[in-house]
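Understanding the architecture of this molecule
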Amino acid sequence: MGIVNVTPDSFSDGGRHLRADAALEHARHLLAEGADMLDIGGESSRPGAQPVSAREELERIMPVIEGLCGEAVPLSVDTSKPEVMRAALGAGASMVNDINALQQPEALAAVAVSGAAVCLMHKQGTPQTMQVQPYYHDVVGEVKEFLRARIAAAEAAGIARERIVIDPGFGFGKTLAHNLAMLRDLGALTELNLPVLAGLSRKSMLGKITGQEVEQRLPASVAAALLAVQRGARIVRVHDVRATVDALKVWNAVDNENAVSRGWISTG
Ligand code: YH5
């Protein structure tokens, strides 16, 4: 899953049209690099980020979703707002990626009536406060129980299991120790029998481990994505698609007997 952030901090603000054009060009670049799906977001959910209105979010993402709906690729919309979900799904998005796990009123219904897929993510606190003092007795157990409860809520609202993806929410109200425990034991989430999505790309935990600033975290991000897939993640949300795809191809060539039959590699 390639990340397309349509925010002023990601694409320099020469006005709405230029920003949408730059985001579209970036999205097509990620597809050329081998992305199987794109995650399009108009609200920064980085630690400390300020919320934006539904109207502002829509003005950022809708031109990009509309510009991409001709490409034969699944689009995910990164939002917590039901109004934004409905508009994006109406324009052809096929998945909602909600860091709030459909906890806002109407969010469950917005996804349920659409037939779209959803990614339910765990976090502790809100993006404004979540890194202040994360605390868990048992991070893996608590994340798993939270996701189990949100899966039940989604199913009760009419969202079939086949439509649900789960995500431990790396960096969302978690210390380095919590993130490492979660990655080490990611297999515990696969016991919920749903595809696991992992988002580690360029995150602070990689900066803490390597001492690298955000622009220099590509090698660490590739290593983290590979580790996540080896521990059971089925989708990795990444900025650096080509490097990640190459790493996964090497792993597949060595460890996955199906790599040839799936057309991922050729033995000549
Ligand atoms: C995720 O894990 N993450 S937004 C800080 C960074 C770099 C990247 C300091 N949305 C996830 O990517 N959706 C985000 O450098 C997500 N899973 C899902 N499903 C945070 C982010 C980032 C933050």
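Above: the structure in question.
Below is a short write-up of the structure.

Calculation rules
- Residues numbered from 1 in each chain as written.
- Predicted model: local features only at pLDDT ≥ 70, side-chain atom pairs only at ≥ 80, totals over all residues.
- Heavy atoms only, no water.
- Axes fitted to C-alpha atoms, helices over the stretch in contact; angles between N-to-C directions.
- Helix = DSSP H or I, 4+ residues; strand = E, 2+ residues; numbered from the N terminus.
- Parallel < 35°, antiparallel > 145°, perpendicular 65-115°, else oblique.
- Left-handed = near helix turned anticlockwise from the far one by under 90°.
- Contact = heavy atoms within 4.5 Å.
- Nonpolar A, V, L, I, M, F, W, Y, C, P; charged D, E, K, R; others polar.
- Near = heavy atom within 4 Å.
- Polar contact = N/O pair within 3.5 Å; in protein donor to acceptor, adjacent residues only side chain to side chain.
- Areas by Shrake-Rupley, 256 points an atom, 1.4 Å probe, with all protein chains shown as cover.
- Buried < 20%, exposed > 50% of the residue type's maximum accessible area, 1.4 Å probe, protein only.
- Pairing = 2+ DSSP bridges.
- Expected span 1.5 Å × (residues − 1).
- Arc of directions from axis to C-beta.

A pair of packed helices is captured by two measures, namely the crossing angle of their axes and the spacing between those axes. At their nearest, the axes of helix α2 (residues 54-68) and helix α3 (residues 82-90) sit 10 Å apart, and the two run at 20° to each other. What the angle tells us is that α2 and α3 run roughly parallel. Judged by the sense of rotation from one axis to the other, the crossing of α2 with α3 is right-handed. The segment α2 lies against α3, with Ala 54, Glu 57, Leu 58, Ile 61, Met 62 and Ile 65 engaging Glu 83, Val 84, Ala 87 and Ala 88. Residue classes in the contact of α2 with α3 are distributed as 8 nonpolar, no polar and 2 charged.

Residues in contact with the ligand amount to 17 residues; listed here are only the nearest, Ser 45, Asn 97, Asp 167, Lys 203 and Arg 237. Measuring from an oxygen atom of the ligand, one finds a backbone N or O atom of Gly 199 at 3.4 Å. Between the ligand and Lys 203 there is a distance of 2.7 Å, counted from an oxygen atom to a side-chain nitrogen or oxygen. For the ligand, whose unbound accessible area comes to 520 Å², protein coverage reaches 91%.

Below, the discussion takes up the side chain of Asp 240. Along the polypeptide, Asp 240 turns up in the loop between β8 (233-236) and α10 (241-255). For Asp 240, a relative accessible area of 15% corresponds to the buried category. Engagement of the side chain of Asp 240 in a polar contact is seen with the side chain of Arg 202, the distance being 3.0 Å. Excluding residues that lie within four positions of it along the chain, Asp 240 makes contacts with Ser 201, Arg 202 and Leu 218.

The alternating pattern of strand β3 (residues 75-78) places Leu 75 and Val 77 and Ser 76 and Asp 78 on opposite faces, both of which are buried. Pairing analysis gives 4 bridges linking strand β2 (residues 38-41) to β3, with the strands arranged parallel. Residue pairing for β3: Ile 40 is matched across the bridge by Val 77. Judged from the 3 bridges that link them, β3 and strand β4 (residues 95-98) form a sheet pairing that is parallel.

Let's shift gears to α10. Between its terminal C-alpha atoms α10 stretches 21 Å, which fits the 21 Å expected from 15 residues at 1.5 Å a residue. Within α10 the residues assigned to the buried category are Val 241, Thr 244, Ala 247, Leu 248 and Asn 252. The buried residues of α10 all sit within an arc of 140° when viewed along its axis, so they share a single face. For α10, the exposed residues set more than 90 degrees away from the buried face come down to Val 250 and Val 254.

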